[in-house]
Amino acid sequence: MWRTIKELVLKKNETQLREISINGKTISKELEIAEELNTFFVNSVLEIANSIQFVNYENLIDENPRYKFKFELLSITNLKETMENMNNKKDHNFLTVKMLLENFDIIGPHLHRVIIESFQTGKNTKNPNEIRPVNMLSTISKIMVKIVQNQLNKYFEKYNLFCEAQCGFRKNHSCESLLNLVVSQWKMEIARKNCVIAVFIDLKSTFETVNRDILMQKLEKYGIKDIELIGFRAT
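Thresholds, definitions, all that
Residues numbered from 1 in each chain as written. Predicted model: local features only at pLDDT ≥ 70, side-chain atom pairs only at ≥ 80, totals over all residues. Heavy atoms only, no water. Core = buried A, V, L, I, M, F, W, Y, C linked by side-chain atoms within 4.5 Å. Buried < 20%, exposed > 50% of the residue type's maximum accessible area, 1.4 Å probe, protein only. Helix = DSSP H or I, 4+ residues; strand = E, 2+ residues; numbered from the N terminus. Axes fitted to C-alpha atoms, helices over the stretch in contact; angles between N-to-C directions. Parallel < 35°, antiparallel > 145°, perpendicular 65-115°, else oblique. Left-handed = near helix turned anticlockwise from the far one by under 90°. Contact = heavy atoms within 4.5 Å. Phe/Tyr/Trp six-rings, centres within 6.5 Å; stacked < 30°, edge-to-face > 60°. Expected span 1.5 Å × (residues − 1). Salt bridge = Lys/Arg side-chain N within 4 Å of Asp/Glu carboxyl O. Polar contact = N/O pair within 3.5 Å; in protein donor to acceptor, adjacent residues only side chain to side chain. 1 Å grid on protein atoms, 1.4 Å probe; cavity = no way out; pocket = protein on both sides within 12 Å on 5 of 7 lines; lining within 4 Å. Points joined across faces, edges and corners; volume = space filled by probe spheres on them.

As a further point, take the nonpolar core. Nonpolar side chains tend toward joint burial in soluble globular proteins. Ranked by internal contacts, the top residues of the largest apolar core, which has 28 residues, are Leu79, Met83, Ile115, Ile143, Ile224 and Phe232. In terms of residue count, helix 6 (residues 139-158) provides more of this core than any other element does, 7 residues in total.

What follows is the structure, given as structure tokens:
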């Protein structure tokens, strides 16, 4: 539904950004625009992060979970099936999943070995050349992310760790799922002659301002430890 609305509302071939205004100064050179936007977004994220009040969440999560997340042994068949269900978008090197699939007989075994070794070692790096911005994932990195996502979702579903109302980024759930839930609740209250008031909150720069230290502690409390936790810290 949202994809259809987006296609109807947004114009195709939007005009390329030609200039920006920062502190009353107009900038038109492409490199300067890129540098100014980068500085702006980094600083704005820091400002938002510093303004967030710390909340003690520890009493909301089991201190000693009865379960433990482990990376499952990935077969080369599972790898191919995962790739077949992914979007075929180009990365910054113009490499697509389809290209890899078309040459899977040759590339597949090597890609499978790299992924298995990564899961087994939880490799971390201090080399800036091996660190990439979140929005610049290569196609191979996207494949690894998808594999981890599938295994982590399976683990959370198995032990019922998701909030009941969590509809985003879950299999068989969507925005429509949550809308159906709240509309059903609203109708029930209206039928009881009660007044319904809804408050919608749009969080600014949500993903960029997540406190990574708290996130890692929460993952550990959910049973993600050892090599698996090291792998998450490395991303």
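Further notes follow.
In helix packing, the relevant descriptors are the interaxial angle and the interaxial distance, both defined with respect to the helix axes. Where helix 5 (residues 104-121) contacts helix 6, the axes come no closer than 11 Å and their chain directions differ by 55°. By the angle between their axes, helix 5 is oblique relative to helix 6. Crossing of helix 5 over helix 6 shows right-handed handedness. Seen from helix 5, the contacting residues are Leu111, Ile115, Ser118 and Phe119; seen from helix 6, they are Ile140, Ile143, Met144, Ile147, Val148 and Gln151.

Attention now moves to the packing of aromatic side chains. According to the stated counting rule, one finds 10 aromatic pairs in the structure shown. When the centroid spacing of 5.2 Å and the interplanar angle of 65° are considered together, the rings of phenylalanine 69 and tyrosine 155 count as edge-to-face. Of the two residues, phenylalanine 69 is situated in the loop between helix 2 (30-51) and helix 3 (76-84) and tyrosine 155 in helix 6; the sequence distance between them amounts to 86 residues. The class for phenylalanine 69 is buried, based on a relative accessible area of 1%. A ring pair is formed by tyrosine 155 and phenylalanine 156, whose centres lie 5.9 Å apart and whose planes are at 70°; its orientation type is edge-to-face. Chaining the aromatic ring pairs together yields one cluster made of Tyr67, Phe69, Phe71, Phe119, Tyr155, Phe156, Tyr159, Phe162, Tyr222 and Phe232.

The subject of this paragraph is helix 7 (residues 175-191). When the terminal C-alpha atoms of helix 7 are compared, their 24 Å separation across 17 residues agrees well with the 24 Å that a helix rising 1.5 Å per residue should span. With its phi angle positive at about 70°, lysine 193 sits one or two positions after the end of helix 7.

Let's shift gears to the pattern of salt bridges. Going through the model one piece at a time under the given rule, you end up with 6 salt bridges. For the salt bridge of glutamate 72 with lysine 154, the shortest nitrogen-to-oxygen distance reads 3.3 Å. Here the residue glutamate 72 occupies a position in the loop between helix 2 and helix 3, and lysine 154 occupies one in helix 6, the gap between them amounting to 82 residues.

Moving on, we get to the side chain of arginine 170. Assignment of secondary structure puts arginine 170 in the loop between helix 6 and helix 7. Arginine 170 gets classed as buried once you look at its relative accessible area, which sits at 13%. In terms of polar contacts, arginine 170 uses its side chain to reach the side chain of glutamate 157, at 3.1 Å. Residues in contact with arginine 170, not counting those within four places in the same chain, are Glu157, Phe162, Cys163 and Glu164.

Attention shifts here to the layout of surface pockets. By volume, the second largest pocket is sized at about 480 Å³. Taken together, 18 residues make up the lining of the second largest pocket; nearest its centre are Cys167, Ser174, Cys175, Leu178 and Leu179. Sorting elements by how many residues they give to the lining of the second largest pocket places helix 7 first, with 6 residues.

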